[in-house]
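Residues per chain, in single letters:
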Amino acid sequence: GLAEAVVAPSPVDPAATAAIVGEAAGVYMADRVRDGMAIGVGWGQTLSMSLKAIGAQPRERLAVISLLGGMTHSRAVNPSAVARRMADAFGAECYQLTAPVFVANERTRAELWKEPGLEDLVQRARRVELALVSVGDLAKDATLFREGLLPRSELATLRAAGAVGDVLCQFVDAEGSVVDHPVNRRVVAVDLADLRRVPTIVIAAGGARKATAIRAALRATGARVLVTDEAAARALLAMPGRAPERGARVR
């Protein structure tokens, strides 16, 4: 059901997949972002790598909105860092979701969302015209677990709840539905229901191991644009129950 797919060659070393797909995503963004737009940005290694391909592409009256909270230990993959660096690349205003991406409990999250600044950010996120997000899977070295945002001990309970991956740190099952798990009740991020309202959603993720998570993310978000690599594309095409062909543009 895609409108467009950008498929990059798969690297010999799977560890380089994020760099290859990130470069393709950066080229796509540089080509599609126009003056006066508001764009939403997720996080992760792939999106961090996309910034190298964007370089310096100044635009007029552009706004970049981070779609999820940040990390206290600042690193290049930090959601706030990804949004800030993308805003710098486009010479744009940057709006940050200034809260931890995971908080202690559901009550804390509910109180944070009452803050006027965060309410304003969510309203801005609902008005973005283009969103670039990535996908995480349930591997032990997935960014969420590698960076220590969630303990690896959560993997078993997430799988038991039916999760196959995450979008904006919200775990979904193979059909794209948000799973019933405590982690999903303490994440501070723009809700996937709000993300689905964005006119153009671009998912950038690759690697054959992520195929199930990528398909789940496409279903969860309704994204019509996918930037991936050949290995993931072949794995997606081989899956049973895929949507019928609609004449998508493939590059």
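Just so we're clear, the structure is a prediction, and the values are computed from it rather than from any experiment.

A. Representation of the pairing of strand 10 (residues 225-229) within the structure. Across the five residues of strand 10, five count as buried, placing the element largely inside the fold. Because side chains alternate across strand 10, one face comprises the buried residues Val225, Val227 and Asp229, and the other comprises Leu226 and Thr228, equally buried. Bridge count for strand 1 (residues 4-8) against strand 10 is five bridges, and the pairing is parallel. Bridged to Glu4 within strand 10 is Val225. Assessed by its sense of winding, the connection that carries the chain from strand 9 (residues 200-204) through helix 9 (residues 211-221) to strand 10 is right-handed.

B. Fine view of the layout of surface pockets. What the second largest pocket holds in volume is close to 570 Å³. If you go around the second largest pocket, you meet 29 residues; those closest to its centre are Ala18, Gln45, Gly206, Arg209 and Lys210. When residues of the lining of the second largest pocket are traced back to their parent elements, those giving at least two are helix 1 (17-32), helix 2 (45-54), strand 6 (136-137) and helix 6 (143-146). A per-element tally of the lining of the second largest pocket places helix 6 first, with three residues. Residues of the lining of the second largest pocket, tallied by class, amount to 11 nonpolar, 11 polar and seven charged.

C. Expanded view of the packing of helix 2 against helix 3 (residues 79-90). Axis separation between helix 2 and helix 3 bottoms out at 10 Å; the angle between their running directions is 10°. Our classification of the angle between helix 2 and helix 3 gives roughly parallel. Between helix 2 and helix 3, the contacting residues are Leu47, Ser48, Ser50, Leu51 and Ile54 on the first element and Val82, Arg85, Met86, Ala89 and Phe90 on the second. Its residues placed into classes, the contact of helix 2 with helix 3 shows seven nonpolar, two polar and one charged.

Quick notes on the rules
Residues numbered from 1 in each chain as written. Predicted model: local features only at pLDDT ≥ 70, side-chain atom pairs only at ≥ 80, totals over all residues. Heavy atoms only, no water. Buried < 20%, exposed > 50% of the residue type's maximum accessible area, 1.4 Å probe, protein only. Helix = DSSP H or I, 4+ residues; strand = E, 2+ residues; numbered from the N terminus. Pairing = 2+ DSSP bridges. Right-handed = clockwise from strand over helix to strand, strands pointing away. 1 Å grid on protein atoms, 1.4 Å probe; cavity = no way out; pocket = protein on both sides within 12 Å on 5 of 7 lines; lining within 4 Å. Points joined across faces, edges and corners; volume = space filled by probe spheres on them. Nonpolar A, V, L, I, M, F, W, Y, C, P; charged D, E, K, R; others polar. Axes fitted to C-alpha atoms, helices over the stretch in contact; angles between N-to-C directions. Parallel < 35°, antiparallel > 145°, perpendicular 65-115°, else oblique. Contact = heavy atoms within 4.5 Å.

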